[in-house]
Structures are given as C-alpha cells and as structure tokens.
Amino acid sequence: VEKGGEKNDTDERFDNLMSQMQEEKKKWDEEHDDSEDETDALLNKAIEMAISQGKGWKEGEREAYLEKILDDDYLDPLFATTQDELEKTGMAEAFSSLLHDDPPARLMSESKKKGNEAFMSGKKNVAKNVQYYRDAINQYYESFHWAQKVEPDVPTLDDGGKPVEDIPCYSEKELDEFKSTVLSNAAMAHLQLKNWGYVRDDSKRALAFNDKNVKAWYRLAKAHQMLQNWEEAGDAIDSGLSCDKDNKDLKKIRALCEKKIRRARLDRQRRERARAERISRVKDVWKHCKETGITLGRVPLVATVNDDDEEDDEAENRWHHHHPHTGRLPNRLSNGEWSWPCMFIYPSHNQSDFVEQFSESEILAYRMADMFPELENGDNETSMPWDYNNEFICSNLAVYFEVHCTEKDNVIHPEFVQKLKDQGSTMRFYESSRALKGDEGAEMATVARCTEKKLLHRQRKAW
C-alpha cells in the first residue's frame, strides 16, 4: 500500500485476478458438478488468466514462446554444453554476466594481461609449444570483447582529486587505442603461428581504431609480403613510415620487397592505362553506333547456371566459337570508315572463321569470293581441310544473319541476343568477355564467370 492508503497497480491487478478466478470457479461448479477433472480444468483456466494478466504477454507472444520451447531443436540454455549451443539460445549475454561479476573495464585489462603472459610463455618455451600463442590469441579477443562493452566516461573525483570509485574509466580515444593494441597483439600472436590471413585481418581492424599504430602497420606489411600482395605491402610500409620514419623493422622489409613493390605498381599503372584506352575506344564505338543507327547486342557468355548442371556438350559449348575472339572492338580506318570483327560459323562442320577487319562499306559477296574461291583449272579440292566433300565454294553457299530483337515486357529469351541499351552496359559486357577469356587473370575470370551465371539465371527465371 502506497502512502495515503491508496493501493498500487500490483495490488489492483492481484485483486482483479482473484475476482476473475472466483467467478470462473463459481460458473464451473454450477455447470460441471459431476465432472471428474474439474480441478485440472480450473487450474488450467487459472494459469491462463495468471499468464495473461500477471506476465503481460503481448498478442501472439505466448503462442510464439510455446512454439519455441516445443520445437524439437530447442535447447534450454541450462542444458547447453558448448558455447555454440549457448549462442543459439540467445542467452549467452545473460549467462556471461552471471559468470563475471567484475565490470567490463576491469575484465578487459585482466584479459589483456593474461594474453601478454601467455605470449611471453610461448616465446620462452624451448619446445615451441604453439598452444601458448593460441591461448594468447583467445585472451586478446576476449579483451577486445570486453572493451566493446565499456562506455566512454570521465571519472568522478572527490575533494582530494582522487577517483570516487576504483573502477577504471576511459575516454573514447583511450578505448580506441586499447582496442587497437589488443588487436595488434592478436596479429602478433597469429604471426608466430604463420596465420597470415588472420595477421592481415587483425592488423586492419587494429588500424581502424588507431591509424598511428606503427606495429600494426608493420604486421600488415609482413602479412601482405607473405601473401605476395606486393602493392598492398608497399602501401602499408609507406603508411607506417609516415608515422615513424626511423622504424627499423619497416625499413628492413622495404629493402627486401622494394623491387617487387615497384614492379607491382608499374603493372597496376600499365593496367590502368590500358583500361583507360579501352574505355575511350568503347565510347568511340558507342558514339558511332548512335550516329549511324547501329544496335549493339550481347549473348550469354556461359551456357550453364551452376557447376552441377548436367547439360549436354552442345549446350555447354554453345558459344565456344566466340571465346577465342572475344574482347575485340571495331576499328576506325585511316579513311574514316569503320571495320568490324566478323565471325563466320559453319554449323554443319562445327567450324568457324574469324575476320578481324570487315569494312562497313565492303560488299559481302567479294569477301566470300576471296574466302571460298571457285574451283578452276581442274582443281577438285577446296583449301579447307575439313571440307571433305569439297562443297564450300562461293556459288554453293548461302549466308544467314540471325538477329533476335524480340522483347516482351522487357524479357529476353536466354538464347536470344539482348540489346545493349547504354554505354555502361556495353563496357561491362566487353570487360566481362575479356576477363572470361583470361586476359585479366584466373581470379577475374572466376568473378566474370560467376557474374555471367547469375545474369543467365535471372534471364531464365524471368522468361
């Protein structure tokens, strides 16, 4: 009872609950005098009302909870045996607070201290037991975990200028420097284990909190050196020396990698110049096509959506004639005309010819006569070794142009030619074709293949 003799909300809710339970019992006694399980039914009804009023369930909340605990895969956090199982219950944070009574500001310093001790034990250990370094890594990660929970604060001082509480306080800058230090220490422990990928990642995380951490710059440069990422190693060395120009470790690694770093940077500049030239050429081609009314199109550069597709060889190699010659662009001739790369395909013999320059003003019959001359002076065989029946002479051939421009609700059949509607899509298709051919290395070829498979999947699904 609150001051003034008035009942608080809890008392009123309790009185209401008891009144409802008494009314329900009275009704039940009147309607079910001979029932054998009236006690159970009344008890269930009482529980229902107690939950709805005492627990304060929101609409649908109780049903969701019951569904959760009745699920076969549900595991009560009290019975979790591993950290992963505890994480799945969503109660890991609550149990962690029960395990540790000390505030996070104190726990983060203690974990860091334990990590330093474990690392020094690993350095002193004659048997080179790597478990010390693994323990150090775990302690550094735990220290970072607690540091994430610390809120920046200014200590409260008494009249004598001493902190009122013995709990350490940190400013935001001090917390960032602490986080950077423990992550850099974790990278140092990973370096002892030669886990170069983790050294790189933890060093980057450390520098995100403090970009003046010279030790993190050195460990990042060392990781890139061992991973043979020479240009990234050079950038890390330069950044570290800008913070400490006399750092011996950074100077030493720079002397070891200087030639390779310089070569990697020259290669990048060469690639950038080549790409700028390609962009300029694509722009010229697009401008010419817009002025002359030429429509450009693209075809799928892959035939299967994923590696598990069991399609026949014909489907898999649908565009195999294109690949040796992809990445070619039309050229402007000295007389101002444009010449286009042209592909002749002979499906009956599974063969093809590629003409690198075919002028826009050139008559097709003249080119065909040069490629497939008539048999003269008693010759009975053509010059093509695959033409076993000697049929491929100009007068016997018919040329077909296959053009697909059908669009229905902006959906294109996967086997049709899709129009390139802007300069950007033209450039992307051109770069993908070059990459898929291998001009930009194996890694970019894989990226281009995955991108093309995704596009083909969307096109098939839309159709």
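Structure: see above.
### Notes on the layout of surface pockets
Volume-wise, the second largest pocket comes out at about 600 Å³. Taken together, 24 residues form the lining of the second largest pocket, with Arg298, Gln418, Leu420, Ser425 and Leu455 sitting closest to its centre. If you list the elements that add at least two residues to the lining of the second largest pocket, you get β5 (418-419), α15 (423-437) and α16 (442-462). Looking at the lining of the second largest pocket element by element, the count peaks at 7 residues for α16. Grouping the amino acids of the lining of the second largest pocket by side-chain chemistry returns 9 nonpolar, 6 polar and 9 charged.

### Regarding the packing of helix α6 (residues 104-124) against helix α8 (residues 172-193)
Closest axis-to-axis distance for the α6/α8 pair is 11 Å, and the angle between their directions is 25°. On the basis of their axis angle, the class for α6 and α8 is roughly parallel. Where α6 crosses over α8, the handedness of that crossing is left-handed. Mapping the contact onto sequence places Met108, Ser109, Lys112, Asn116, Phe119 and Lys123 in α6 and Leu175, Phe178, Thr181, Val182, Asn185, Met188, Ala189 and Gln192 in α8. Here the residues of the contact of α6 with α8 are counted per class, giving 7 nonpolar, 5 polar and 2 charged.

### Some words on a nonpolar patch on the surface
Together, Tyr65, Leu66, Ile69 and Leu70 make up a nonpolar patch on the protein surface, roughly 370 Å² of accessible area in all. Mapping Ile69 onto the fold places it in helix α3 (residues 61-69). A relative accessible area of 32% means that Ile69 is categorised as partly exposed.

### Structural notes on the sheet that holds strand β2 (residues 331-332)
Taken in spatial order, the 3 strands make up an open sheet running β2-β3-β4, and their pairing is antiparallel. Strand pairing shows two members of the sheet lacking a second neighbour, β2 and β4 (351-359), which therefore form its edges. Here strand β3 (residues 338-346) runs beside β4; their pairing, made up of 7 bridges, is antiparallel. The partner of Phe344 across the bridge, within β4, is Asp353. Those strands touched by helix α12 (residues 248-292) are β2 and β3, and its axis lies near 85° from that of β3. The sheet contacts of helix α14 (residues 364-371) involve β3 and β4, and relative to β4 the element is tilted by about 130°.

### Side note on the nonpolar core
Met108 and Ile237 are the most contacted members of the largest nonpolar core, which totals 28 residues. Listed by contribution, the elements that provide at least two residues to this core are α6, α7 (131-149), α8, α9 (196-209), α10 (214-226), α11 (230-243) and α12. Core analysis: the second largest hydrophobic core is formed by 15 residues, Val302, Trp340, Phe429 and Ala448 among them.

### Let's talk about the pattern of salt bridges
Inspection of every chain in the model, using the stated rule, returns 13 salt bridges. With its nearest N and O atoms 2.9 Å apart, the salt bridge here joins Arg367 to Glu362. One salt-bridge network, held together by shared partners, links Arg275, Arg278, Glu431 and Arg434.

### A few points about the packing of aromatic side chains
Inspection of the entire model under this criterion finds 7 aromatic pairs. Plain terms: the ring middles of Phe144 and Phe209 are 5.8 Å apart, the flat faces sit at 65° to each other, and that makes the pair edge-to-face. Note that Phe144 is positioned in helix α7 and Phe209 in helix α9, a separation of 65 residues in sequence. For Phe144, a relative accessible area of 10% gives the class buried. For Phe209, a relative accessible area of 27% gives the class partly exposed. Here a set of aromatic residues connected by ring pairs shows up, and it is made of Tyr346, Phe372, Trp386 and Phe392. Positioned over the ring face of Phe144 is Arg205, at 5.1 Å from the centre of the ring. Lying over the aromatic face of Phe358, Arg367 brings its terminal NZ or CZ to 5.0 Å of the ring centre.

### Focus on the side chain of Arg367
Here Arg367 shows up in helix α14. What makes Arg367 buried here is its relative accessible area of 17%. Polar side-chain contacts of Arg367 include one of 3.3 Å to the backbone oxygen of Gln357. If sequence neighbours within four positions are ignored, Arg367 has contacts with Val355, Gln357, Phe358 and Glu362.

Procedures and definitions
- Residues numbered from 1 in each chain as written.
- Predicted model: local features only at pLDDT ≥ 70, side-chain atom pairs only at ≥ 80, totals over all residues.
- Heavy atoms only, no water.
- 1 Å grid on protein atoms, 1.4 Å probe; cavity = no way out; pocket = protein on both sides within 12 Å on 5 of 7 lines; lining within 4 Å.
- Points joined across faces, edges and corners; volume = space filled by probe spheres on them.
- Helix = DSSP H or I, 4+ residues; strand = E, 2+ residues; numbered from the N terminus.
- Nonpolar A, V, L, I, M, F, W, Y, C, P; charged D, E, K, R; others polar.
- Axes fitted to C-alpha atoms, helices over the stretch in contact; angles between N-to-C directions.
- Parallel < 35°, antiparallel > 145°, perpendicular 65-115°, else oblique.
- Left-handed = near helix turned anticlockwise from the far one by under 90°.
- Contact = heavy atoms within 4.5 Å.
- Patch = residues over 30% accessible without salt bridge, like charges linked within 9 Å, V, L, I, M, F, W, Y side chains within 5 Å.
- Areas by Shrake-Rupley, 256 points an atom, 1.4 Å probe, with all protein chains shown as cover.
- Salt bridge = Lys/Arg side-chain N within 4 Å of Asp/Glu carboxyl O.
- Buried < 20%, exposed > 50% of the residue type's maximum accessible area, 1.4 Å probe, protein only.
- Pairing = 2+ DSSP bridges.
- Core = buried A, V, L, I, M, F, W, Y, C linked by side-chain atoms within 4.5 Å.
- Phe/Tyr/Trp six-rings, centres within 6.5 Å; stacked < 30°, edge-to-face > 60°.
- Lys NZ or Arg CZ within 6 Å of the ring centre and 35° of its normal.
- Polar contact = N/O pair within 3.5 Å; in protein donor to acceptor, adjacent residues only side chain to side chain.

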